[in-house]
Amino acid sequence: MDYMLFIVAVLLVLAIADLIVGVSNDAVNFLNSAIGSKVTTYRNIILIASAGILIGCFFSSGMMEIARKGIFQPQHFTFDKVMWIFLAVMLADIVLLDIFNSLGLPTSTTVSIVFELLGASMIMGFLFAAEKGETIGEVMKYINMDSTFSIVSGIFLSILIAFSTGLIVQFFMRAAFTFQYETRIKSLGVLFSGVGIAIIIYFLLIKGLKGTTLAQGEWVGMILDNVVFVMLLVLVVATGICFWLQRQYGINPLKIVVLAGTFSLAMAFAGNDLVNFIGVPITGLLAYQNWLGSGVPADAMYQDYLATSDVIVPNYMLGIAGVVMALTLWLSAKAKKVTETEINLGKQGDDGNDDRFKPNSVSRRVVKTAMLLGNVFDAVIPRNVKRRYNLSFERDKLSKATQVDEDAPAFDLVRAGTNLILASILIAWATSQKLPLSTTYVTFMVAMGTSLADRAWGRESAVYRVTGVLSVIGGWFITALIAFSVAGFFVFVIFQGVLATGLLMGVVLVYIIVSNIKFANREQKSKIERSRLSLLEEPDLDVYIRSKNMLVTMIIEISGHYSTVLNGIRAGDVSAIRKTDRELMDLIKYSYKLKRNSLRAIRKLGAADRRSAEVIVHGADLIQDMLQSAKFMSAESVQYIENLHAPLADGFIVTLEGLGDKMDKFFRLAINELNEEDGPDLPLLRQSRNEIREFININFGNELDIIRRKDIGSKQALLQTSIFLQSRDIQAVLFRICKIYDKFEN
């Protein structure tokens, strides 16, 4: 096979892969508002977004602007050099987007592809100039720095403008609707929905019809020439339809806005961001077709064709791309993870999953500064204005907006509608002004601004959420740096020849496979953790029973890990103990979430259930104590065996076997008794506990005698005594748990 044909084939395969990883990241742009507000079922949301994508891909302008807009100057490169640049860009893009998807962080596919092109073309420019004997000063002719500065300035402006606009607009929207917007939906909902739908349709006209390859004709020109009249007509019709649906069928007009906004953003994404994924491969394909008929050697044919010709994508390719993107929405677990990040950062109330992002000095400083500024504004704003606005945040209204149920929306339809309408306005305006702007930056920062206006960032969660937002924003700028560097390095490797190119593609392939395996393993762990926590959400059981079921499940897991550690010590199986040590660490992290969810769960208990609340909280705390003892024992065992210390004495191995049998018997007895409806049989448990305690005390004393005689080394003595001490703590805590439930149930 011809080398250039091989590169084209690889580019087309990479185009499909890039569509998958790209949609997995960009899906957050049009899904988060609908999913976060739970406007309808997840299946219906994906159906609507898929329809938007399938239609939007055919409303693409079709021109692969990215290759001819001046990021680099193709007329100064020969055909083979351009193909190497394109190959490096696609490999780098897949690696970069996969990293962000695995981390669950949204990033800009536009910025990544632009800086990859810039990095690859700049390095190729240096290499090509050196090959031709040109001076370094002539290298700059290969690239255009003006586009870079324009894009970077657009990034800064889009972040600031989107956040500020979201904050200010949502401030007034919340003052108008309050959190009990159902009472004001009849008077304000129809007007808000009519205006919102009109804005969304205008957004589609600006982002969809201009330059489309399918919708051509006089009617398109008439619409674009009479936008004001068309929009007034749309406003009247949309308001009338919403009014009729609300009065006739009781349909909430805000739901129409959210679903229409989801469809329009998905359609605009497919129609305009498609170039980020398939622009480079398709441009490479068409350049190859042009070169194939020229008869000129690849290293002698300069690419004036790309510099002067509009590269049009065939409609069947757009259709294939649309199908791939729609399927990715349904099948990609990474798309769900990225969406989950943005929803959690904007979730109403302080009970979100904020502990993913650990606070740092920067986030603390930002929160302190914001609090000081808040005090300043508090002193300036008139008292009656503050009083009226604070009525929107009365405790009973907030409690309804911040439900503790697992299936409760992350935010309401008012904020979801505001997110979509503002994002549509800003993106449409920037498009009409031909300003560089990232849809990811706009949608994310609007969502963060509206969440701040809704007081979703309380004292309990502010520092965590600020850390999360700063991490995402920092990732955006790191995107540019990594994209530039990785693409530049890749093109340098490709320049070395066919063998180096093959090795590079092999490394990238292995990375993608390993990355997806690791992601699947992490998701499996997360699924197990969610299934554990879901025991607290069982609808058919009361809070006390749910908490008890979870506690018994944890005791069963601790029992298994304890036995694994003892068996691993006796057999010298460090791999088994190491695996248990990692799983115990995961359980300790999970136990913190268990305590938090337990506190959330007891809010459902009435004032008369104080004793139940005490048992739930105390039980969660004691489980944490058991885990820490088991973790300490496993960590010491791993360290002892890995450091190749002296084998344990045969007598101690026999003692361990006896200890394991007695502890296993006690664990099984405690689990069975906790599952009894009439409560644990405390005398029976005390008898078993005393047997174990006596066994441990006798053997611990014998161990001290051995140590005094200096028959064993200090490391061995430390491990053997630690096993007895941690085992005694575990059985003591387990008995205390049974005692608590016996006191409550008997």
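Residues numbered from 1 in each chain as written. Predicted model: local features only at pLDDT ≥ 70, side-chain atom pairs only at ≥ 80, totals over all residues. Heavy atoms only, no water.

Asks: What is the right way to read the pattern of salt bridges from this model?
Replies: Any two side chains of opposite charge can pair, so long as their charged atoms come close to each other. As enumerated under the stated definition, the model contains six salt bridges in all. Among the salt bridges present, the one from K81 reaches D80, with a minimum N-O distance of 3.1 Å. For the pair formed by K81 and D80, the shared burial category is buried. We note a salt bridge from R578 to E642, for which the minimum N-O separation is 2.7 Å. Taken together, the residues span a long stretch of sequence, with R578 in helix α23 (residues 574–601) and E642 in helix α24 (residues 610–642) at a distance of 64 residues. With a relative accessible area of 30%, R578 lands in the partly exposed category. The partly exposed category is assigned to E642, whose relative accessible area is 42%. One connected set of salt bridges, linked through shared partners, spans D80, K81 and E131. (Salt bridge = Lys/Arg side-chain N within 4 Å of Asp/Glu carboxyl O. Buried < 20%, exposed > 50% of the residue type's maximum accessible area, 1.4 Å probe, protein only. Helix = DSSP H or I, 4+ residues; strand = E, 2+ residues; numbered from the N terminus.)

Asks: Is there a simple way to think about a positive patch on the surface in this case?
Replies: A surface patch of like charges, here positive, comprises R611, R686, R736, K739 and K743. Ranked by residue count, the leading element in the positive patch is helix α27 (residues 714–745), at three residues. Relative to the helices and strands, R611 is located in helix α24. Given the relative accessible area of 47%, R611 is considered partly exposed. (Patch = residues over 30% accessible without salt bridge, like charges linked within 9 Å, V, L, I, M, F, W, Y side chains within 5 Å. Areas by Shrake-Rupley, 256 points an atom, 1.4 Å probe, with all protein chains shown as cover. Lys, Arg positive; Asp, Glu negative; His and termini not counted. Charge placed at Lys NZ, Arg CZ, Asp CG, Glu CD.)

Asks: Mind showing me how you'd approach the packing of aromatic side chains here?
Replies: On inspection of all chains with the given rule, the structure shows nine aromatic pairs. Summarising the aromatic geometry, the rings of F77 and F128 are spaced 6.3 Å apart at their centres and angled 20° between planes, so their arrangement reads as stacked. Here the residue F77 occupies a position in the loop between α3 (42–58) and α4 (79–103), and F128 occupies one in helix α5 (residues 109–132), the gap between them amounting to 51 residues. Looking at F77, the relative accessible area reads 0%, which means it is buried. Residue class for F128 comes out buried when judged on its relative accessible area of 3%. Look at F652 and F724: their rings are 5.8 Å apart centre to centre, the planes differ by 85°, and that puts the pair in the edge-to-face class. Taken together, the residues F652 in helix α25 (residues 650–674) and F724 in helix α27 connect sequence positions 72 residues apart. Pair check on accessibility: F652 and F724 agree, each one buried. Positioned above the aromatic ring of F735 is the side chain of R689, whose terminal nitrogen or guanidinium carbon lies 4.3 Å from the ring centre. (Phe/Tyr/Trp six-rings, centres within 6.5 Å; stacked < 30°, edge-to-face > 60°. Lys NZ or Arg CZ within 6 Å of the ring centre and 35° of its normal.)

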